[in-house]
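# Residue-level structure breakdown
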Amino acid sequence: MDSHPISPTPAPGVRTRSQHQRRKRIVQAAAALASRGGVEAMQMRTVAERAGVALGTLYRYFPSKMDLVVAVVGEEIDTLESSIERRPPSAPTPAGRAVDILMRATRGLMREPELADALIRSLIMAEVDIPFGDRMAGLLLRVAGDGLTMEGATEEQFALAGSLSGVWVQELLEMLRGRRTYEQVQRRIEIAAGRLFADF
């Protein structure tokens, strides 16, 4: 019933306000730890202590460390999507809009290089299905393709958006390893977007 503070079994995907806030606190604690010491610093017990929740509660929300990494990645994409809603890319071409999104994401991640490195390495070595690539591809389709959805995109368009997202992840990793400058990453993304999104 609505009068209960927490319903006994919420429907999948439905959370009470307090559950949502607790989950957000856990994700923020994990991100803060990762930004200082990478994924290694995201020990479940440490995350629970920092978030002010019992270890059992943490495991109820996130059964493994990788589930926690997935949640942190999701928060990063949420932040990027909010930024795009507030200030949509104004480039006249699909390739230009795609570059704007990816370089905006790069700047956001590079503000916390330890966190960015932890997230990217975790994505590459992930043993669980992480929707990061699909979410980035969907975001590229929507903005570069003027509101194009994953459902409305052709198989080729979705593949091209996914390929550009993959190029970006690889370039970001090279930048984090000190093998690319920001300018080099931007130039490579511009070249890839120009080719991949030429006929969008």
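Sequence order as written defines the numbering, with residues in each chain counted from 1. For this predicted model, a pLDDT threshold of at least 70 governs which residues receive local features, and a threshold of 80 or more governs which side-chain atom pairs are given and counted, while totals over whole chains, interfaces and linings are taken from all residues. Calculation of side-chain values draws on the structure's entire complement of heavy atoms; hydrogens and water are dropped beforehand.

With that out of the way, let us pick up the overall build of the chain. A count of helical and extended segments in the chain gives 9 helices and 0 strands. The helix and strand sequence of the chain, counted from the amino end, reads α-α-α-α-α-α-α-α-α. Within the chain, the proportion of its 200 residues that are buried is 42%. For the chain, the proportion of contacts with a sequence separation of at least 24, taken over those separated by at least 6, is 67%. Helix and strand assignments come from DSSP, with helices taken as H or I runs of at least 4 residues and strands as E runs of at least 2, each series counted from the N terminus. Type-normalised accessible area, obtained with a 1.4 Å probe on protein chains alone, sets the label of each residue: buried when under 20%, exposed when over 50%, and partly exposed for intermediate values. Note on contacts: a residue pair qualifies if any of its non-hydrogen atoms lie within 4.5 Å across the two residues.

Right, let's get into the packing of helix H1 (residues 17-37) against helix H4 (residues 65-86). Helix axes are fitted only over the stretch in contact, all axes being lines through C-alpha atoms; the angle between N-to-C directions runs from 0 to 180 degrees. Contact pair H1 / H4: the axes reach a minimum separation of 9 Å and the direction vectors enclose 95°. As judged from the angle between their axes, H1 and H4 are roughly perpendicular. Here Arg23, Lys24, Ile26, Val27, Ala30 and Ala31 of H1 lie close against H4, whose contacting residues are Leu68, Ala71, Val72 and Glu75. Residues are grouped as follows: Ala, Val, Leu, Ile, Met, Phe, Trp, Tyr, Cys and Pro are nonpolar; Asp, Glu, Lys and Arg are charged; every other residue, Gly included, is polar. For the contact of H1 with H4, the per-class residue count stands at 7 nonpolar, no polar and 3 charged. Note on terminology: angles under 35 degrees are roughly parallel, angles over 145 are roughly antiparallel, angles of 65 to 115 are roughly perpendicular, and the others are oblique.

Okay, the nonpolar core next. Residues Ile26 and Trp168 are the most contacted members of the largest nonpolar core, which totals 60 residues. Setting aside anything within four residues of it in sequence, one finds isoleucine 26 in contact with Val47, Ala51, Val53, Leu58, Tyr61, Phe62 and Leu68. Remark: nonpolar core denotes a set of buried residues (Ala, Val, Leu, Ile, Met, Phe, Trp, Tyr, Cys) joined through side-chain atoms within 4.5 Å.

Let's shift gears to the pattern of salt bridges. By salt bridge we mean one thing: a side-chain nitrogen of Lys or Arg within 4 Å of a carboxyl oxygen of Asp or Glu. On inspection of all chains with the given rule, the structure shows 10 salt bridges. Across the pair arginine 135 and glutamate 81 runs a salt bridge, and its minimum N-O distance is 3.1 Å. With a gap of 54 residues between them, arginine 135 in helix H7 (residues 132-144) and glutamate 81 in helix H4 connect regions that are remote in the sequence. Judged by relative accessible area, which is 18%, glutamate 81 ranks as buried. A salt bridge links arginine 179 to glutamate 174; the shortest N-O distance between them is 3.5 Å. On the accessibility criterion, glutamate 174 (12% relative accessible area) is buried. Salt bridges here are not isolated pairs; linked through shared partners, they connect Asp78, Glu81, Arg135 and Arg142.

This part covers the environment of serine 83. Mapping serine 83 onto the fold places it in helix H4. C-alpha separation for the pair serine 83 and isoleucine 101, spaced 18 residues apart in sequence, amounts to 9.5 Å. Between N or O atoms, a polar contact is any pair within 3.5 Å; within protein, one atom must be a potential hydrogen donor and the other a potential acceptor, and residues adjacent in sequence are included only when both atoms are from side chains. Within the local environment of serine 83, its side chain forms a polar contact with the side chain of arginine 104, the two groups lying 3.0 Å apart.

What follows is about the confidence of the model for the chain. The predictor attaches a confidence to each residue, called pLDDT, with possible values from 0 through 100. For the chain, the mean per-residue pLDDT works out to 83, and 88% of the residues sit at or above 70. Ranking the elements of the chain by mean pLDDT puts helix H6 (residues 113-124) last, at 73, and helix H9 (residues 182-196) first, at 96.

Attention shifts here to H7. Taking 1.5 Å per residue, 13 residues should reach 18 Å; H7 reaches 18 Å between its end C-alpha atoms and fits that length. Those residues of H7 not exposed but buried are Phe132, Met136, Ala137, Gly138, Leu139, Leu140, Leu141, Val143 and Ala144. Count one or two residues on from H7 and you reach aspartate 146, which has phi positive near 55°. Expected span of a helix: the number of residues minus one, times 1.5 Å.

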